[in-house]
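For reference, the chains in residue letters:
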Amino acid sequence: MSHTIAAIGEQALLDGFLLAGVSVFAGSTDEEFRHAWRALPEGTAVVVLTPAAARSLDQLLADPRSPMSVVLPS
């Protein structure tokens, strides 16, 4: 089984992750961040979040079935 690393947040903060093969889901609103979370590929193991995305996804991150998440420093 393949595990994926994804990133959700503002495009300007995540561009560098594309170079490492991370699946980037860019957005700028709470709705876009939540849509990106729901669109994560099955098997996603780790999600890198910008601070804005983390605030928006707070309730969803609490689900124990969620992938591990890491928040970039402000």
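Scroll up to find the structure.
Let me sum up the structure you'll find in this document. The model shown is predicted, which means the values in this text are computed figures rather than measured ones.

**Quick word on the pairing of strand S1 (residues 4-9)**
Summarising burial for S1: five of the six residues are buried, a large majority. Of the strand pairs in this sheet, S1 and strand S3 (residues 44-49) are connected by five bridges, and their pairing is parallel. Across the sheet, the residue bridging to Ile-5 is Val-46, located in S3. Each parallel crossover has a hand, and for S1 linked through helix H1 (residues 11-18) to strand S2 (residues 23-26) it is right-handed.

**Some words on the side chain of Thr-50**
As for its placement among the helices and strands, Thr-50 is situated in the loop between S3 and helix H3 (51-56). Only 2.6 Å separates the side chain of Thr-50 from the side chain of Glu-10, close enough to count as a polar contact. Once residues lying within four places of it in the same chain are set aside, the contact partners of Thr-50 are Ile-8, Gly-9, Glu-10, Leu-13, Leu-14, Val-71 and Leu-72.

**Quick word on the nonpolar core**
Counting residues in hydrophobic clusters, the biggest one holds twelve residues: Ala-6, Ile-8, Phe-33, Ala-36, Trp-37, Leu-40, Val-47, Leu-49, Ala-52, Ala-53, Ala-54 and Leu-57. Listing elements by their share of this core, those giving two or more residues are S1, helix H2 (30-38), S3 and H3. Residues in contact with Ala-54, not counting those within four places in the same chain, are Leu-49, Leu-61 and Val-71.

About the criteria used
- Residues numbered from 1 in each chain as written.
- Predicted model: local features only at pLDDT ≥ 70, side-chain atom pairs only at ≥ 80, totals over all residues.
- Heavy atoms only, no water.
- Buried < 20%, exposed > 50% of the residue type's maximum accessible area, 1.4 Å probe, protein only.
- Helix = DSSP H or I, 4+ residues; strand = E, 2+ residues; numbered from the N terminus.
- Pairing = 2+ DSSP bridges.
- Right-handed = clockwise from strand over helix to strand, strands pointing away.
- Polar contact = N/O pair within 3.5 Å; in protein donor to acceptor, adjacent residues only side chain to side chain.
- Contact = heavy atoms within 4.5 Å.
- Core = buried A, V, L, I, M, F, W, Y, C linked by side-chain atoms within 4.5 Å.

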